[in-house]
Amino acid sequence: MKKITRRSFITACGAVAAAAALTACGGAASSASTAASTAESTASSAAQAAGTLSGNVATGGSTSMKNVIAALTEGFAEVEPGVTVSYDPTGSGAGITGATDKTLDVGLSSRALKDEEKNDVDGTTVALDGIAIIVSKDSKVADLSVDQLKQMFTGEITNWKDVGGEDGEIVLIGREAGSGTRDGFESIVDVKDSCKYAQELTATGAVISAVEANPLAIGYASLSAVGDTVAMVTVEGVECSEDTVKDGSYKIQRPFVFVTNKSVTLSEQAQAFFDFATSKDAADLIRTAGAVPMNE
């Protein structure tokens, strides 16, 4: 679908004008009728192309998906300008709960669904996200192995000099319990519920800011959210990028998931948004937001 454009509007108006001219000049009634019918059909098609849906689509959950949802919402507005897509950044756990208890049309999770959660909801992966390991731009450490990360976050390694850095106590920055980013990182690195965090923060941006401010800090954040205020270390020699996430060579990655209730039929506008977000048309939008699209 496409928005009605000035050109299509002018085309429709031109057809109407042509029909009026035929009548005014004494053309055959049948010719005028045909022209008017064509103009009406053209105008109707143009209006339909502009989008005919209205209402709200309630989404919420993963804070890491903020940029992706913003891009998808902006793109969808060009297709269905009468639909409002709301987004409540409450964390992946709340996104799954929202879909389960039917308070959200689409829950957002930056982790795969657990087996027990699949009883009530379905998960559809719309993109892949690398979880970047971030340090201060002043850090001397450029590469870490998964095993080193495991030892650092569980407190077995406590000093930067033991992983090639300068002498100083490692400060671990992480997300709060229930965060999809935390769950993804801890599951992949095999440090589930055993991390010795100095700070547990409630948003991706807060983690990035905390690491930026402390030269001894290390944390993790969605690739799509990391800017140039911190440095990303490579993991076992592989940088966190779209290409390495897509080909699987970067080991610390997770899915971005749309969560929907199995017992509920989505509203027409919610289904339209879901279909748009999972289509090839959304691939460039997702890529621009820093994630790796699934459909291309």
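The text that follows walks through the structure, step by step, so that each part is easy to find. This one's a predicted model, so the numbers in the text were calculated from it and none came from an experiment. (Residues numbered from 1 in each chain as written. Predicted model: local features only at pLDDT ≥ 70, side-chain atom pairs only at ≥ 80, totals over all residues. Heavy atoms only, no water.)

Description of the pairing of strand β4 (residues 121–135)
Just so we agree on the cut-off: Exposure is judged per residue with a 1.4 Å probe applied to protein chains only, and the accessible area is read against the type maximum: over 50% gives exposed, under 20% gives buried, and values in between give partly exposed. We count a stretch as a helix when DSSP gives it H or I for four or more residues in a row; a strand needs E for two or more, and each element gets its number in order from the N terminus. For two strands to be treated as a pair, DSSP must find at least two bridges joining them.
Counting buried positions over the 15 residues of β4 gives 11, a clear majority of the element. The pairing of β4 with strand β11 (residues 253–261) spans nine bridges and is antiparallel. By the bridge assignment for β11, V121 is matched with N261. Taken together, the two bridges between β4 and strand β12 (residues 292–293) define a ladder with antiparallel strand orientation. Opposite A127, over in β12, you have P293 as the bridge partner. Two elements, β4 and strand β8 (residues 217–222), share five bridges in a ladder whose sense is antiparallel. Directly across from I131, in β8, lies its bridge partner S222. Judged from the two bridges that link them, β4 and strand β9 (residues 231–232) form a sheet pairing that is antiparallel. Within β9, the residue paired with V135 across the bridge is A231.

Side note on the pairing of strand β6 (residues 171–175)
When a strand is regular, its side chains alternate between the sheet's two faces. To be explicit about the condition: Whether a crossover is right-handed comes down to one check: with the strands pointing away from the viewer, does the path from the first strand over the helix to the second run clockwise; if it does, it is right-handed.
With five of five residues buried, β6 is to be regarded as a mostly interior element. Of the strand pairs in this sheet, β6 and strand β7 (residues 199–201) are connected by three bridges, and their pairing is parallel. Of the residues in β7, the one forming a bridge with G174 is E200. Viewed along the sheet, the connection from β6 through helix α6 (residues 180–189) into β7 turns out right-handed.

Focus on the pattern of salt bridges
Applicable threshold: Counted as salt bridges are all cases of a side-chain nitrogen of Lys or Arg within 4 Å of a carboxyl oxygen of Asp or Glu.
Summed over all chains, the structure comprises 12 salt bridges. Between E117 and R111 there is a salt bridge whose closest N-O contact spans 2.8 Å. Ionic pairing is found between E176 and R175, a salt bridge with its closest N-O pair at 3.0 Å. Salt bridges linked by common partners bring R182, E186 and E200 together as one network.

A short note on the environment of A231
Put simply, the rule is: Every residue pair with non-hydrogen atoms within 4.5 Å of one another is taken to be in contact.
Tracing the backbone shows A231 in strand β9. With 99 residues separating them in the primary sequence, A231 and A132 have C-alpha atoms 9.3 Å apart. Once you skip the residues sitting within four places of it in the chain, A231 turns out to touch I133, I134, V135, S136 and K137.

Some thoughts on the nonpolar core
Stated formally: We call a set of buried residues a nonpolar core when its members are Ala, Val, Leu, Ile, Met, Phe, Trp, Tyr or Cys and they connect through side-chain atoms within 4.5 Å of each other.
With 44 residues, the main nonpolar core has I133, F153, F185 and I218 as its most contacted residues. Ranked by residue count, the leading element in this core is β4, at six residues. Once you skip the residues sitting within four places of it in the chain, I133 turns out to touch L149, F185, I218, G219, Y220, A231, M232, V233, V235, Y250 and I252. Ranked by size, the runner-up nonpolar core spans 28 residues in total, among them V85, A127, F258 and A291.

Quick notes on the environment of T154
Within the secondary structure, T154 is located in the loop between α5 (146–153) and β6. Through-space distance from the C-alpha of T154 to that of D193 is 9.3 Å; in sequence the pair is 39 residues apart. Apart from the residues lying within four places of it in its own chain, the contact partners of T154 are V191, S194 and K196.

A few points about α5
Put simply, the test is: What the arc measures is the spread of directions leading from the helix axis to the C-beta atoms.
Taken residue by residue, α5 has V146, L149, M152 and F153 as its buried positions. Buried positions in α5, seen along its axis, are confined to an arc of 120° and lie on one side of it. Buried positions along α5 lie against β4, β5 (143–144), β6, α6, β8 and β10 (234–235). Of the residues one or two after α5, G155 is the one with positive phi, at around 90°.

Observations regarding the environment of K66
Mapped onto the secondary structure, K66 falls in helix α3 (residues 66–79). Each C-alpha atom of the pair K66 and T204 lies 9.7 Å from the other, and the pair is 138 residues apart in sequence.

Details of unusual backbone geometry
Phi angles above zero are rare outside glycine, and K102 is one such case at about 70°. As for its position among the elements, K102 is in the loop between α4 (92–100) and β3 (106–109). Since its relative accessible area comes to 52%, K102 is described here as exposed. If you check the backbone angles, D193 has positive phi at about 60° while not being a glycine. With respect to the secondary-structure elements, D193 resides in the loop between α6 and β7.

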